[in-house]
Amino acid sequence: MANTALMVASSDEHFREMVRDSIVNLPDAKIVAEYTEVAANLYIRVLQDLERHPHAGLIVDISGDPEGCIKAVEKVKQAAPDLFIIVSNFHADGETVIQCMRAGANEFLLQPIKRTEFRDAMGRLERAPRHGTAGESKLGKIYTFIGTKGGVGTTTLATNFAAVLAQRKVATVALDLDWIGNDIAMQLGAAPQYTLLEVADNLERLDQALFEGFVTRDPLGFFLVGPPDALEQHGHFSEHMLREFATFLVEKYEAIVVDGGRAVNNELVLAAAQVSASVFLVIDQEFPSVRNAQRYIAYLMRMGFNQEQIKVVVNRYTKKVNSHQASLEQIQQTLNQSVFYGVPSSPAVLASINKGRPFVANREEAGELDRIFRLFVDKAAGRKKGPEAVAKSA
Ligand SMILES: Nc1ncnc2c1ncn2[C@@H]1O[C@H](COP(=O)(O)OP(=O)(O)O)[C@@H](O)[C@H]1O
Ligand SMILES: [Mg+2]
């Protein structure tokens, strides 16, 4: 069996384990993604993983909530009509099986799954016709910035990332999930009247006009939404709400830039990271932040991320380290992965924060920093074609 790739969706750890156990016996077959819930927005993560693994198939365990899961399968199939989908349940009553097929499933496997049946299904997945690759999905991409320490520059990088995308006419939303910092608004000189609390209150009827009617628009053209200013109001924005909101955002916007603060294990930040095209771990060269990066990466890997999704960005990067700073080589060795990018230190950052504008809004003043930062955005988000597209590499 040549390179069969499988995505596994099940809320049941035993099911996922069973698939893992079955697949080890199949040469050249591997699991490329595991989803621990089968929710309406499963398709978002599937589409993102299909970009990396265009020939992968999907197995969905619907036993947790057959009705909801079948709806999720239907959405996946609409989003990726060529995807080979295997549905599995403990009973195969005609009604359910028919519903699964109508939703777009290609196969039905009865649980407990027999090894031979699993292998045969993998064989059919392997031979299933593909009309080329899935290609770039039309859904927006989520970029989540998480700092491994306070003050490393997470908000600065997230804010300017959103600003560059907006300057490039990418429809962008900056989403602040740092409930304590709430610093994107500060860096943009904005004092939003409406916040994630209003998003929560209106989630059921949220559409683009309503959303853009109440959230803040930066002069550069992107939208900003974040926590309320009052610290006691962290209340009722749940993980479920975030998933619903993220679904809305990726359907309506091209890029969503999340400031996750440093709370990698916060349920909202983790949920955002899980639907992100990239998670940028922002570090500096001080040892505590590098050490934390190690812990953060280990945690994210345990949560099912792969190294490809986690991108280490060194802020205030310098080649000339002093005795209490880590060099690039030391960082890469400690983290066992290469550094994605280094952003230099510049007095223009603080100057721009004091003005309440992103530094990329004042290219002249930010000079070299501006140039290098734009190359970071190119590398991280690709580049819409334009006269700047031939910028030299740093
Ligand atoms: N590349 C940089 N060069 C110089 N100063 C920076 C740089 N990045 C961030 N800073 C400064 O560091 C401080 C903390 O940045 P911030 O983005 O708020 O960090 P975090 O969100 O990680 O707490 C700010 O005062 C900012 O001016
Ligand atoms: Mg911050």
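What counts and how
Residues numbered from 1 in each chain as written. Chains lettered and ligands numbered in written order. Predicted model: local features only at pLDDT ≥ 70, side-chain atom pairs only at ≥ 80, totals over all residues. Pairing = 2+ DSSP bridges. Helix = DSSP H or I, 4+ residues; strand = E, 2+ residues; numbered from the N terminus. Axes fitted to C-alpha atoms, helices over the stretch in contact; angles between N-to-C directions. Parallel < 35°, antiparallel > 145°, perpendicular 65-115°, else oblique. Left-handed = near helix turned anticlockwise from the far one by under 90°. Contact = placed C-beta atoms within 7 Å. Nonpolar A, V, L, I, M, F, W, Y, C, P; charged D, E, K, R; others polar. Near = placed C-beta within 6 Å. Domains from an automatic or database assignment.

1. Regarding the sheet that holds strand β12 (residues 310–317)
Strand pairing in a sheet takes place through backbone hydrogen bonds and is either antiparallel or parallel in direction.
Phase 1 of the analysis: Ordered by their spatial adjacency, 8 strands build an open sheet running β8-β9-β7-β10-β6-β11-β12-β13, and the pairing between neighbours is mixed. Only two strands of the sheet have a single neighbouring strand rather than two, namely β8 (216–217) and β13 (339–344).
Phase 2 of the analysis: Here strand β7 (residues 172–176) pairs with strand β9 (residues 223–225) via 3 bridges, running parallel. Bridge pairing in β9 links L175 to V225.

2. A short note on the packing of helix α2 (residues 42–52) against helix α3 (residues 66–79)
Phase 1 of the analysis: In the contact formed by α2 and α3, the axes pass within 8 Å of each other and the chain directions differ by 40°. As judged from the angle between their axes, α2 and α3 are oblique. Viewed along their axes, α2 and α3 form a crossing whose handedness is right-handed. Note on element contacts: α3 touches α2 through A72, K75, V76 and A79, opposite L42, Y43, V46 and L47.
Phase 2 of the analysis: Each residue belonging to the contact of α2 with α3 can be placed in one class, and the counts come to 7 nonpolar, no polar and 1 charged.

3. What about the site of ligand 1?
Phase 1 of the analysis: Neighbouring ligand 1 are 17 residues, the closest being G153, T154, T155, T156 and V349.
Phase 2 of the analysis: Elements with a contribution of two residues or more to the shell around ligand 1: α6 (154–167), β12 and α14 (347–355).
Phase 3 of the analysis: By residue class, the composition of the shell around ligand 1 is 5 nonpolar, 10 polar and 2 charged.

4. Thoughts on the domain arrangement of the protein
Phase 1 of the analysis: Partitioning the protein into domains gives domain 1 (4–127) and domain 2 (141–390).
Phase 2 of the analysis: Relative to domain 2, the C-alpha centre of domain 1 lies at a distance of 33 Å.
Phase 3 of the analysis: Per-element tally for the side of domain 1 that touches domain 2: the top contributor is α2, with 4 residues.
Phase 4 of the analysis: Its residues assigned to classes, the side of domain 1 that touches domain 2 shows 3 nonpolar, 2 polar and 3 charged.

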